[in-house]
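Chain by chain, the residues:
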Amino acid sequence: MSTTVSTGARAVLRRPFVPLVLTASQIGRLPLGASPLALLLFARESVSLAAAGALVAVFTAGMAAGAPALARAVDRWRQPPVLYGSALVSAAGYVLVVLGDGHLGVIAAGAALAGLGTPPMEACLRALWPDLVPPSAVHAAYALDVALQEVIFVAGPLVTLAAVALGGPAAGLLTAAVLQLAGVVAFVRAPAVRRWRGRPARRHWLGPLREHRLAVMVAGIACAGAAVGSIPVVLTGYAEAAGDRSLTGWLLAAQAGGALVGGLLYTRATPGGPRRLPLLAAWFAAGYLPLLIAPGPVPMAILLAVSGLMLPPLLTAVFLTADRLAPEGTAVEAFAWIMTAFSVGSALGAAVAGPLTDLGARHGFAFAPVAAVVAVAAMIFVARRNQ
């Protein structure tokens, strides 16, 4: 596989400054995978587990609210000022949490600020790909980017655990802030980032969502996010029923590994068009059906790897379609809405999966394919209206 499959990825990585922006964005986005656990471990020292979980929700809500607004600012002006400013605001939030000294209100304010200020590096990077690679390689760049994002959600918690082991709970939060700032500084060094300018456009309060097909696609990707977000909760119940809580981490790593492979494979695919969306969404939904068998840990790891395969191809097709559908001058905000929708959907999926999993693992696993089928319906609408 490595010789054939990685050709598309290597073609992207050979382009000037691509390794720099990819590596910098990976470092800068590590807090997406590290911060929730860091917040949980820090808050757990002084508040209840329920309150600590609520703080993670506040942080996530802050990111969901801040990303489109920051991306809209990027669309109107430039990337470096928004990235620098938001990273500093977010770092201040992390420091406020550390200095909260057990005061729940202060910690909550810091968590909200850290989330609100999270730099929109993912959206910025995706807006840069047409300037960094030839048109024929843009789809491969998206696929590689989405695939590598899986590394963030594997490495992020490991970085947090290492920092906490070395310096205590506060070190996890401060490490996240430092990594975010370092990633932004390195990212902005790329000439393409400094040259990029938002395009003049007629502004509308709905931004890119005034395009109905894009709004429907955003709703569809929220349903896909709900499917993905339900799985960690269900796997926690599955692992507890199996008598080994550590299984959750290994099983999630198997799914992330499947997604990484799926993304690398898709770098070799032709770009396609919006008409491919329903097919990819259908394969994505089908990947979750075998989980209803709920077999032993080893077969479950294999099934989870299979379920992860189609997420990067689906997201790649969604980002390519968003770039086509977004009104002039709103591409970065369109990308941010997709990521926000996925994150919000993931949180809702986790909330719904909890009560279902209490009824049994199979009940919990049933939610993902149902949510994914709704995503298929949304993609069918987008593809048909685009004809």
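Residues numbered from 1 in each chain as written. Predicted model: local features only at pLDDT ≥ 70, side-chain atom pairs only at ≥ 80, totals over all residues. Heavy atoms only, no water.

**Overview of the domain arrangement of the protein**
No. 1: Along its sequence, the protein is carved into domain 1 (9-195) and domain 2 (212-383).
No. 2: The centre of domain 1, based on its C-alpha atoms, is set 21 Å off from the matching centre of domain 2.
No. 3: Tallying the contact residues gives 25 residues for domain 1 and 28 residues for domain 2.
No. 4: Both sides together, the interface formed by domain 1 and domain 2 hides about 2,300 Å², and carbon and sulfur atoms give 74% of it.
No. 5: The largest share of the area that domain 1 buries against domain 2 comes from Asp75, His139 and Tyr142, three residues that together contribute 25% of it. (Domains from an automatic or database assignment. Contact = heavy atoms within 4.5 Å. Buried area = accessible area lost by both parts, 1.4 Å probe.)

**As for the UniProt feature "transmembrane region" (unreviewed entry) in the protein**
No. 1: The UniProt record marks residues 49-70, 170-193, 214-235, 247-265, 277-294, 300-322, 334-353 and 365-383 with the feature "transmembrane region" (unreviewed entry), using the residue numbering of this structure.
No. 2: Summarising residues 300-322: 91% helix, 0% strand, and an end-to-end C-alpha distance of 34 Å.
No. 3: Within the segment residues 365-383, helix and strand shares are 100% and 0% respectively, and the terminal C-alpha atoms sit 28 Å apart. (UniProt positions renumbered as here; feature names shortened; annotations may be inferred. Helix = DSSP H or I, 4+ residues; strand = E, 2+ residues; numbered from the N terminus.)

**Comments concerning the packing of helix 14 (residues 311-325) against helix 15 (residues 331-358)**
Angle between the axes and distance between the axes are the two parameters that describe a pair of packed helices.
No. 1: One can describe the packing of helix 14 onto helix 15 by two numbers: an axis separation of 9 Å at closest approach and a directional angle of 145°. In this structure, the crossing between helix 14 and helix 15 has a hand that is right-handed. Packed against helix 14, whose contacting residues are Leu311, Leu315, Val318, Phe319, Ala322 and Asp323, the element helix 15 presents Ala331, Phe335, Ile338, Met339 and Phe342 at the interface.
No. 2: When the residues that make up the contact of helix 14 with helix 15 are grouped by side-chain class, the tally is 10 nonpolar, no polar and 1 charged. (Axes fitted to C-alpha atoms, helices over the stretch in contact; angles between N-to-C directions. Left-handed = near helix turned anticlockwise from the far one by under 90°. Nonpolar A, V, L, I, M, F, W, Y, C, P; charged D, E, K, R; others polar.)

**A few points about unusual backbone geometry**
A negative phi angle is the norm for most residues apart from glycine, just as the trans form is the norm for most peptide bonds.
No. 1: Despite not being glycine, Phe17 shows a phi value in the positive range, around 70°.
No. 2: If you trace the backbone, Phe17 turns up in the loop between helix 1 (2-13) and helix 2 (18-43).
No. 3: Looking at Phe17, the relative accessible area reads 41%, which means it is partly exposed.
No. 4: Unlike most non-glycine residues, Ala294 shows phi in positive territory, near 50°.
No. 5: Mapped onto the elements of the fold, Ala294 is located in the loop between helix 12 (277-286) and helix 13 (297-308). (Buried < 20%, exposed > 50% of the residue type's maximum accessible area, 1.4 Å probe, protein only.)

**A word on a nonpolar patch on the surface**
No. 1: Among the surface-exposed residues, Val89, Leu96, Val106 and Leu113 lie close enough to one another that they form a single nonpolar patch of about 250 Å² accessible area.
No. 2: Within the residue set of the nonpolar patch, elements represented by two or more residues are helix 4 (79-98) and helix 5 (104-116).
No. 3: Looking at where Val106 falls in the secondary structure, it is placed in helix 5. (Patch = residues over 30% accessible without salt bridge, like charges linked within 9 Å, V, L, I, M, F, W, Y side chains within 5 Å. Areas by Shrake-Rupley, 256 points an atom, 1.4 Å probe, with all protein chains shown as cover. Salt bridge = Lys/Arg side-chain N within 4 Å of Asp/Glu carboxyl O.)

**Details of the nonpolar core**
No. 1: Counting 94 residues, the largest nonpolar core has Trp129, Val133, Phe187, Ile221, Phe284 and Phe365 as its most contacted members.
No. 2: Structurally, this core is a two-domain feature, drawing no fewer than three residues from each of domain 1 (9-195) and domain 2 (212-383).
No. 3: Not counting chain neighbours up to four residues away, the residues in contact with Phe187 comprise Val21, Ala24, Ser25, Gln79, Leu83, Met121, Cys124, Leu125, Leu128 and Val193.
No. 4: Counting residues in each nonpolar core, the second largest holds 20 residues, with Phe42, Val56, Val97 and Ala176 among its members. (Core = buried A, V, L, I, M, F, W, Y, C linked by side-chain atoms within 4.5 Å.)

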